[in-house]
Amino acid sequence: MPQSDGAPQEVAGDPGQDGSGVSRRAMMRNAGIAGVGLGLAGLGGGTAHAHPSAGTTPAQASAAAEAPPRQGETMIGVPFEKRSTVRVGIVGLGNRGGSMIDLFLALPQVRVVALCDPVKEKTAAAAKKVTDAGQPAPATYTKGDSDYENLCKRSDLDFVYVATPWDFHFEMAKTAMLNGKHVGVECPIALQLDQLWELVDLSERTRKHCMQLENCCYGKNEMRVLRMAHAGLFGDLLHGAGAYNHDLRGLMFDPDYYEGPWRRLWHTRLRGDLYPNHGFGPVGNYMDVNRGDRVTHISSFGTPALGLAEYRKANMPPGDPSWKETYIESDRTISLVQTEKGRVIRLEHDVSTPHPYSRINSLGGTKGVFEDYPTRIYLEPGHTDDKWHDFAEFADWDHWLWKEHANPPGGHGGMDYMMVFRLMQCMQLGLVPDFDVYDAVTWTAPVPLSHASIKAKGAPQAIPDFTRGLWNKARPGVDSEKPQG
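So, a few notes on the structure that sits alongside this text. Keep in mind that what you see is a predicted model, and the values were worked out from it rather than measured. (Residues numbered from 1 in each chain as written. Predicted model: local features only at pLDDT ≥ 70, side-chain atom pairs only at ≥ 80, totals over all residues. Heavy atoms only, no water.)

### Regarding the overall build of the protein chain
Inference 1: Secondary structure assignment for the protein chain yields 17 helices and 14 strands.
Inference 2: At a minimum sequence separation of 6, the contacts of the protein chain that also span at least 24 residues come to 76%.
Inference 3: Counting only carbon and sulfur atoms, one obtains 53% of the accessible surface of the protein chain, whose full area is about 17,700 Å². (Helix = DSSP H or I, 4+ residues; strand = E, 2+ residues; numbered from the N terminus. Contact = heavy atoms within 4.5 Å. Areas by Shrake-Rupley, 256 points an atom, 1.4 Å probe, with all protein chains shown as cover.)

### A few points about the sheet that holds strand β6 (residues 210-212)
Inference 1: Overall, parallel pairing links the six strands, which are arranged β3-β2-β1-β4-β5-β6 in an open sheet. What marks the edges here is a single partner per strand, and that holds for β3 (139-141) and β6. Going from strand to strand, the sheet's axes swing by 25 degrees on average, the running direction of each strand aside.
Inference 2: Bridge count between strand β2 (residues 110-116) and β3: three bridges; the pairing is parallel. Bridge pairing links A114 to A139 in β3. (Pairing = 2+ DSSP bridges. Axes fitted to C-alpha atoms, helices over the stretch in contact; angles between N-to-C directions.)

### A closer look at the nonpolar core
Inference 1: Core analysis: the largest hydrophobic core is formed by 103 residues, its most contacted members being F104, F159, Y218, F234 and M424.
Inference 2: Leave out the neighbours within four places in its chain, and F234 touches V225, M228, A229, L363, G365, T366, K367, G368, V369, F370, I377 and L379.
Inference 3: If you look at the next biggest cluster of nonpolar residues, it comprises 21 residues, including F253, Y258, Y357 and V447. (Core = buried A, V, L, I, M, F, W, Y, C linked by side-chain atoms within 4.5 Å. Buried < 20%, exposed > 50% of the residue type's maximum accessible area, 1.4 Å probe, protein only.)

### Quick word on the pattern of salt bridges
Inference 1: Tallying each qualifying case throughout the model produces 30 salt bridges.
Inference 2: Residue D167 pairs with R269 through a salt bridge whose shortest N-O separation is 3.1 Å. Pair noted here: D167 is in the loop between β4 (159-162) and α7 (169-178) and R269 is in the loop between α11 (262-265) and α12 (277-286), with a separation of 102 residues, a long-range link.
Inference 3: With relative accessibility at 25%, the residue D167 sits in the partly exposed group.
Inference 4: D350 is the salt-bridge partner of R332, the closest N and O atoms lying 3.1 Å from each other. Taken together, the residues span a long stretch of sequence, with R332 in the loop between α13 (307-315) and β9 (333-339) and D350 in strand β10 (residues 344-350) at a distance of 18 residues.
Inference 5: Of the residues examined, R332 reaches a relative accessible area of 24% and is grouped as partly exposed.
Inference 6: Residues joined by salt bridges that share partners form a network here, namely E81, R83, R87, D158 and K208. (Salt bridge = Lys/Arg side-chain N within 4 Å of Asp/Glu carboxyl O.)

Here it is as structure tokens:
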């Protein structure tokens, strides 16, 4: 599954985000941080734009969401520099990065120039893939958790791809931009509201794109629904829903799957939606969030945290390090997000209880509704019998990417390939990327804000306008036109 750090390919079309890319020593260091209890105070920045704390009034929450002064020009509509060959550096070669490298190598005029992971065996295996593909041996960076800084300093890189555990995403994205590189990061792009603002400011100052590589936006169903929504088939849009409901208990307690217990440890730190991007990204696209509408507030509620402790009791031996952990993350979080136009988006997150995989992926409007898992649709005027219909009836609405690449390689039903192909195409042709730093931080904002809302008993938390007033201008996104020539 897609993950911000490498996840398994066990569920077709399932983008989770996990992976490794850091040493066990680093993970144990992070375990120490969790041990002292990294609560809301540890996530806040203390600045005017840090997220509010428990007990915050709506007026205070709105003030906390005010934008800091702009430090550079907007990155909206800014194209990549045109280049015949895209030179890529990859940081993090665990489950996610170690599989995504295959997709970069599958594309013509893309060179994998440098690799970084403190686990030398993983770096060596990835380097062999590069030479087996007929490319020159890549430079490798394996000297500890900070060697990625040396990769980012290289003068022969155009793009840095980050697929490490979440704890490292912000610093790595920041370092890449400060060294003049465009950067794409697996989910979530950062975990604090002040960090999200800093990434916006850095992207604007350095003139480098900072992107959340949200593969679910490129799913076949998601892209078909997107085109149908933009063509008016759903009428006026009213509501949508997205989720990451994926039973990860076994993987989170597997001592060999993740490089250390980093993902499980986040369940000792936050109560909110740890992974909103897979659900939020596609629905945000349907509703043209940051492209004619914007999200304004989020209210979140969470169940008790019981699932991981019960799984540990049933499956982990006495003396296992996990017995020192106290889990606070809600087994299921449910958030309602309001948009400026009055639309409602429901987000869910649940990785701690037994249930089939679902991202929900629903969209409703004045002419009907689509729901995924399983896929079904009802749209007037064609449907009049109050029964669900086959989504295959609308196959003609598939995005041009899926019409050109009917059987794409790679995981998650091909969405990973579509994302990498399109990104590299935009860089080669000098096009504006399908999504930008404003989308990245908007899709990630529910991480700290849902935590704050749950702590405040569901009180609405203002979502910043990261575009600083430019959200209401229509502009292209993932529903792109096929390039000519």
